[in-house]
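For reference, the chains in residue letters:
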Amino acid sequence: MEFTLLLAAAMAFAAAVVALRWEAARGNAADCTRDLGEILLTASVVGLFVGRLVAMVGSGVNPLTSPMDILIVRGGVATGPAVLAAMVTVAWAARDEIVVVADATAVAALAALGGWHLGCLPREACLGSPTDLPWAMTQPGSTIGRHPVELYAAAIFLLAAATLAVARRRRIPAGLAAATALIVAAAGRLLTEPLRPSLGGGPVWWYIAGIVAGIGAAAWALSRQSVSSPSPARPEP
Amino acid sequence: MKLRRPLVALVLVIAACGTNVDTSSIPDLAEVSTDDIIASIRQAGRPAVVNVWASWCGPCRSEAPLLAAASSEYRNIVEFIGLNVRDSPENAKGFIAEFFGDAAIRHVADSDGSVVADLGGATGVPLTFFVNSDASVAKIHFGVIDERTLALEVDELVRADGT
């Protein structure tokens, strides 16, 4: 059995928890009644489940006659439906605090993506298309230099998470942090996709849809101009 | 309980997705030896992906659609061979009809798993050998293979082989 995917998922969740704690110490969503870590974890599990189901049905495997195949995540997960299901789960779990929760989990979501891509290291699955660049890496037993594409993606998402965390210290319109995170997540995957080995070029239309949706959400947030930035942490008396 | 009816309907629709496959057009799988496999790869003169599967293996079902798609994508540069192990002929034909209908994969039988053992594999399935055009094994992937790994290893094979 291979458990490296589980290890990568654990790295993603750990990164999200660190980001949430980091932001909580700075007054993130102080008035929010929801458990943000629980919402993120639930959304991830639901997204994974739905994405796996869609991938199974799409490839002709009946989930009812082969229920245990749902657990074989390595067999494929449909990215777009998985992300949609995760976002719907967050929206449902947050309900009357959707914008607050979306903003409060934006940095953690980007950090989780970074952690997931960094999980390529224990999986030994970081490499992409061939290159002669000085930082090219090779597979064990190979002489062909390749882009460490998953490390590029990890760097993009972790850097974006840190930048967004700093930006949220300023007063920015409600919803803008979540919209920015969506744009970065989709654009980061879209930019690295050409370097990633795949059969059909990857789900680029889903990434483009994510960017468009993020830009729309950002425009909506800017037009409302209400503010949901975290209040500075109060000093201990 | 408002969701009960839609859920029942969804379950029925998904259940109806199951199909009875027609195996009449699938030929019986030829039993092969290790020498047969090596000779066929050398004769083809190009690298090969040898996937070991069985109809009773759940994970094999999960990776079968990917292998079918990859065999079509790489049909001009890599030979795809399906090695059916420890299986009944009828079940194997049913599996081929269900998952590999139009795929560019040549399926053969290794009833006792001796070919897999000779190539350096293990008893578990699924298993995928990446073989150079001189029939030397470049890499063995144990367990379910994912799209990224398959695409990367095929690229490694082709570049190393210079084809």
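Below or above, wherever it landed, is the structure these notes cover. Note that the structure is predicted; figures quoted are calculated from it, not measured. (Residues numbered from 1 in each chain as written. Chains lettered and ligands numbered in written order. Predicted model: local features only at pLDDT ≥ 70, side-chain atom pairs only at ≥ 80, totals over all residues.)

Details of the overall build of chain A
In terms of helices and strands, chain A carries eight helices and zero strands. Along chain A, helices (α) and strands (β) appear in the sequence α-α-α-α-α-α-α-α when read from the amino end. In terms of overall size, chain A behaves like a compact globule, its C-alpha atoms giving a radius of gyration of 19 Å where 237 residues would be expected to give roughly 18 Å. Each of the 237 residues in chain A was classed as buried or not, and the buried ones make up 41%. Sequence-distant contacts, at least 24 apart, represent 76% of the contacts inside chain A between residues at least 6 apart. (Helix = DSSP H or I, 4+ residues; strand = E, 2+ residues; numbered from the N terminus. Rg over C-alpha atoms; globule rule 2.2 N^0.38 Å. Buried ≥ 20, exposed ≤ 12 C-beta atoms within 10 Å, placed from the backbone. Contact = placed C-beta atoms within 7 Å.)

A word on the overall build of chain B
Each helix and strand in chain B was counted, giving six helices and six strands. The N-to-C order of helical and strand elements in chain B reads α-β-α-β-α-β-α-β-α-β-β-α. Look at the contacts in chain B between residues 6 or more apart in sequence, and 78% of them connect residues 24 or more apart.

A closer look at helix α1 (residues 4–24) of chain A
All names here are of chain A. Along its 21 residues, α1 runs 30 Å from first to last C-alpha, staying within 8% of the 30 Å computed at 1.5 Å per residue. Within α1, burial applies to Ala8, Met11, Ala12, Ala15, Ala16, Ala19, Leu20 and Glu23. Residues of α1 that are buried make contact with α2 (36–58), α4 (98–118), α5 (120–123) and α6 (149–167). (Expected span 1.5 Å × (residues − 1).)

What to know about the interface of chain B and chain A
Contact with chain B, which involves 27 residues of that partner, is made by 26 residues of chain A. Those elements giving two or more residues to the side of chain B that touches chain A turn out to be α1 (4–16), α3 (58–73) and α6 (147–161) of chain B. In terms of residue count, α3 of chain B provides more of the side of chain B that touches chain A than any other element does, ten residues in total.

Description of the nonpolar core
Counting 110 residues, the largest nonpolar core has Ala108, Leu110, Ala112 and Ala181 of chain A as its most contacted members. Look past the residues within four positions of Ala108 of chain A in its chain and what remains in contact with it is Ala16, Ala19, Leu20, Leu36 and Leu40 of chain A. (Core = buried A, V, L, I, M, F, W, Y, C linked by C-beta atoms within 7 Å.)

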